Each structure stands twice: as structure tokens, then as C-alpha cells.
Amino acid sequence: MNIYVFIYIVCSYAISIIFHAYSDIPMDFQIMGSSLLLLAIGIPHGTLDHLLTFKKQKTNKVKFYLYYLGSIILYLLVWVLSPSIGLISFILVSAFHFGETQLHTFFVKRRKIQKIIYFNWGLSILFTLIFYNISELSQMTVSFHDTRVFLDLYEHQIVKPIFLISNILSVISFILMYFNGYLAYQKFLSELFFLAIIHLTSFLFPFVICFTLYFIVLHSLPSIVHQFSFFKNLKENFSVVELMKLMAPYSILSITMSFLLIGLSYYNIIPISIPLISLVGISVITLPHAMVMYNFNH
């Protein structure tokens, strides 16, 4: 068990105590608390994409920003033309990104099978979170006029097969990786334990809580530490304070834009609900970030 899983378990235990004491925490408070954590830790983990790219390889800065911003604009057009396709593509991109971030250290060379394993592992995580909370997600979806289009995607006959197949394939892939020498015995048990913990917390907690826990503790924190190690290798006396300074400009810009868009939605200046505008905002940033991190990790 690594330090991140330990932190995850401690946080889960603390949350279970809170839910035991206050069994009916309003969804608004859950969303507010989760949003603050996502803004404080989730957003900063993706604010160094430009520096990671420039330090790792010789890249024309103008070309990089055109590529990065261009993918954001194209993805926005997808959301405008078809919100359902926008959500489905977001799930697929996120699945690959989560799987690649978690498992890339086990492969020395690039192989085609890696991408399948990454993608399937990410699907198993996302659909585990969704499967145990279908009722909650459906209720949240019908609460806003512009998110009801997603309701069909939460049908049990769609979610359950993907949940079962992806989890079974994840376990099989770990077994194959173990017997082919990619996973040591302790790592093999650790990955199975990791998957079991995700199932348990998804069963116990609402979707907003368990997703925030996973995204902050098991995805964002390891990514930040990984990036810190990279800069530490470039500069021996590189410190956490320097890392925070590097993250600050785009973190402040992203958080400011988030509050601005949420405010415009809240006061009906733009006719888009807060959940939808948050979903679109996160997704359009995730796409270029996932591509940058894939190149960086490999």
C-alpha cells in the first residue's frame, strides 16, 4: 500500500464519521466542499503543461499554444453541436488519462496493448463510481433543464455491462502483467487492493464525494509529486515553494475564470446551468492536458 492509498483510506474514514454524525448532508454542501478541493488541488496539477513540454523537448511555443488552445476550441464546438457526444468523449478521454497516469510506470517500452490496458482500467474506475450511484446521478441530471439530455446514458442496461466487463478485464490485465513480469507480486496485490478500495468507497459514499476523493488523492497528488520530481532532477535545490510559484499564474487564471463562469451562470447572464458549465469547462481542459501528460510520462 503506497502513501496515496493510505491518505485515501484515512480521508474515507474521516468522511464516514462525518456522514455517521450528519447522515443527511445537503447536496449543495457536498458540491461546494468538493468544488473547493478541486479548485485548490485539482486545477493546479494541470497548470504546468507548457513548462513540462518546453523542458522535455524542443517545441515551438507558438505552435504549442495554438495546438493547446485549438483543441480546447474544437472540443467546445463538439459540446455545442452535441452535448451527448461531448460527455461520452469526455468519459473516454478521462478513462485513458486516468489509466495511463496510474499504470505507465509498469511499462518500459511503448506497446499497443498498453493503450488498451490504460483505457480499460480508466473505464473500470469511472464506471465503478457511476454504477453504485446511478440513482443519485439520475436525480442530479433531471434537476437541471440542460442536463436532462444525459439521462439516457445512465440507464442500467448501459452502465452495468461496461462496469462488469471493464472490471473483469482490469483484473485479467493485472494477472497477465504479473505473469509477464511487468508487475511484482506486491505491486500486483497493491493494484487489486486499489481497485477494491474504489469499489468500497463508491458503494459507501455519494458520487460527488467518492469522485472528489479519487481525483484529488489518487490522481492529482501523485501527478503533482511526479512533476515536482521532474523539476527536482533539473534543479537540485528546487523546492515546493518554487513549484507553487510556477503553478500560481495559470492556477489563479483558471480559478478566476471558474468563478466568473459560475457567477454568470448563477445570475442567469448565460443560459447554462452550473453543473453543465462546470462539466464542459473541465472536459475542454482535460483533453489537451491528457495529451501533454501522455507524452511527458513516456
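Since we're looking at a predicted model, the values are computed, not measured.

## A look at the overall build of the protein chain
And then number 1: For the protein chain, the helix and strand inventory stands at twelve helices and zero strands.
And then number 2: Across the protein chain, helices and strands are ordered from the amino to the carboxyl terminus as α-α-α-α-α-α-α-α-α-α-α-α.
And then number 3: Taking 298 residues into account, the globule formula puts the C-alpha radius of gyration at 19 Å, and the protein chain, at 19 Å, falls close to it.
And then number 4: Dimensions along the principal axes, computed over C-alpha positions, put the protein chain at roughly 50 × 45 × 40 Å.
And then number 5: Of all 298 residues assigned to the protein chain, the portion counted as buried reaches 43%.

## Quick notes on the pattern of salt bridges
And then number 1: On inspection of all chains with the given rule, the structure shows one salt bridge.
And then number 2: The shortest N-O distance in the salt bridge between lysine 235 and glutamate 242 comes to 2.6 Å.
And then number 3: By relative accessible area, lysine 235 is classed as partly exposed at 36%.

## Observations regarding helix H3 (residues 49-56)
And then number 1: Counting buried positions along H3 yields six of eight residues, so the element is predominantly enclosed.
And then number 2: Among all positions in H3, only Asp49, His50, Leu51, Leu52, Thr53 and Phe54 are buried.
And then number 3: On its buried face, H3 is in contact with helix H4 (61-81), helix H10 (207-234), helix H11 (240-266) and helix H12 (274-297).

## A look at the environment of asparagine 133
And then number 1: Of note, asparagine 133 is situated in the loop between helix H6 (112-131) and helix H7 (134-142).
And then number 2: Between the C-alpha atom of asparagine 133 and that of phenylalanine 207, which follows or precedes it by 74 residues, the distance is 5.8 Å.
And then number 3: From its side chain, asparagine 133 meets the backbone nitrogen of phenylalanine 207 in a polar contact 3.4 Å long.

## Points about the environment of serine 251
And then number 1: By the element assignment, serine 251 lies in helix H11.
And then number 2: Separated by 65 residues in the primary sequence, serine 251 and glutamine 186 have C-alpha atoms spaced 37 Å apart.
And then number 3: If near-sequence neighbours (up to four positions away) are discounted, serine 251 is found in contact with Ile43, Pro44 and Thr47.

## What about the packing of H6 against H10?
And then number 1: Taken N-terminus to C-terminus, the directions of H6 and H10 make an angle of 150°; their axes are 9 Å apart at the nearest point. With respect to H10, the element H6 is oriented roughly antiparallel. For the pair formed by H6 and H10, the contact residues are Trp121, Ile125, Leu129 and Ile130 on the first element and Phe207, Cys210, Phe211 and Tyr214 on the second.
And then number 2: Of the residues assigned to the contact of H6 with H10, the class counts are eight nonpolar, no polar and no charged.

## Description of the side chain of threonine 141
And then number 1: Looking at the element boundaries, threonine 141 is found in helix H7.
And then number 2: Only 2.7 Å separates the side chain of threonine 141 from the backbone oxygen of leucine 137, close enough to count as a polar contact.

## Focus on the packing of aromatic side chains
And then number 1: Counted by the stated rule, this structure contains 25 aromatic pairs.
And then number 2: Between phenylalanine 231 and phenylalanine 238, the aromatic rings sit 5.5 Å apart at their centres with planes inclined by 25°, giving stacked as the arrangement. Comparing phenylalanine 231 with phenylalanine 238, the two get one shared label, buried.
And then number 3: Feature note: the residues Phe98, Phe207, Phe211, Tyr214 and Phe215 constitute an aromatic cluster, connected by ring pairs.
And then number 4: Geometry around phenylalanine 54 places lysine 61 over its ring, the cationic atom sitting 5.4 Å from the centre.

## What to know about the nonpolar core
Note on soluble globular proteins: their nonpolar side chains tend to be buried together.
And then number 1: Formed by 57 residues in total, the largest nonpolar core has its most connected members in Trp79, Tyr214 and Leu218.
And then number 2: Among the elements that take part in this core, H6 stands out by supplying ten residues, more than any other.
And then number 3: Leaving out residues up to four positions away in the same chain, leucine 218 has contacts with Tyr4, Val5, Tyr8, Gln102, Phe194, Ile198 and Leu213.
And then number 4: One finds Leu52, Phe231, Leu243 and Met293 within the second-largest nonpolar core, a separate group that totals eleven residues.

## Digging into a nonpolar patch on the surface
And then number 1: Where nonpolar side chains cluster on the molecular surface, the patch consists of Leu164, Ile165, Ile168, Leu169, Ile172 and Leu176 and spans about 540 Å² of accessible area.
And then number 2: Residue position: leucine 169 is located in helix H8 (residues 156-179).
And then number 3: For leucine 169, a relative accessible area of 40% puts it in the partly exposed group.

## Brief notes about the state of the cysteines
And then number 1: Going through the model one piece at a time under the given rule, you end up with zero disulfides.
And then number 2: Take cysteine 11: it sits in no disulfide, and the sulfur closest to it among the cysteines is that of cysteine 210, at 14 Å.
And then number 3: Given the relative accessible area of 27%, cysteine 11 is considered partly exposed.
And then number 4: A relative accessible area of 0% means that cysteine 210 is categorised as buried.

Scoring rules and cut-offs
- Numbers given for residues are sequential positions, taken from 1 along each chain in its written order.
- pLDDT decides what is reported in this predicted model: residues at 70 or higher carry local features, side-chain atom pairs at 80 or more are listed and counted, and totals for whole chains, interfaces and linings draw on all residues regardless.
- Side-chain calculation: all heavy atoms of the structure are included, whereas hydrogens and water are not.
- To qualify as a helix, a DSSP run of H or I must reach at least 4 residues; to qualify as a strand, a run of E must reach at least 2; elements of each kind are numbered from the N terminus.
- When we talk radius of gyration, it's over C-alpha atoms, and the globule rule is simply 2.2 Å times the number of residues to the 0.38.
- Partly exposed residues are those whose accessible area sits between 20% and 50% of the maximum for their type, while under 20% is buried and over 50% is exposed, using a 1.4 Å probe and protein chains only.
- What counts as a salt bridge is simple: a side-chain nitrogen of Lys or Arg found within 4 Å of a carboxyl oxygen of Asp or Glu.
- Two residues form a contact once any of their heavy atoms are found within 4.5 Å.
- Two N or O atoms form a polar contact when they lie within 3.5 Å of each other; inside protein one atom must be a possible hydrogen donor and the other a possible acceptor, and for residues adjacent in sequence the pair counts only when both atoms belong to side chains.
- Only C-alpha atoms enter the line fits that serve as axes; for helices the fit covers just the stretch in contact. Angles between N-to-C directions range over 0 to 180 degrees.
- Note on terminology: angles under 35 degrees are roughly parallel, angles over 145 are roughly antiparallel, angles of 65 to 115 are roughly perpendicular, and the others are oblique.
- Side-chain classes follow a simple rule in which Ala, Val, Leu, Ile, Met, Phe, Trp, Tyr, Cys and Pro form the nonpolar group, Asp, Glu, Lys and Arg form the charged group, and the remainder, Gly included, forms the polar group.
- Pairing of aromatic rings covers Phe, Tyr and Trp, the last counted by its six-membered ring, and requires centre-to-centre distances within 6.5 Å; plane angles under 30 degrees mean stacked, over 60 mean edge-to-face, and any other angle means tilted.
- We count a charge as sitting over a ring when the NZ of a lysine or the CZ of an arginine lies within 6 Å of the ring centre and within 35 degrees of the ring normal.
- Definition used in this section: a nonpolar core is a set of buried Ala, Val, Leu, Ile, Met, Phe, Trp, Tyr and Cys residues joined via side-chain atoms within 4.5 Å.
- Every patch collects residues that have over 30% relative accessible area and no salt bridge, joining them within 9 Å if they carry like charges and within 5 Å if they are nonpolar side chains (Val, Leu, Ile, Met, Phe, Trp, Tyr).
- Each accessible area is a Shrake-Rupley result for a 1.4 Å probe, and residues are judged covered by the shown protein chains and nothing else.
- Two cysteine sulfur atoms form a disulfide, by the criterion used here, when they sit within 2.5 Å.

All we've got here are geometric facts, nothing functional implied.
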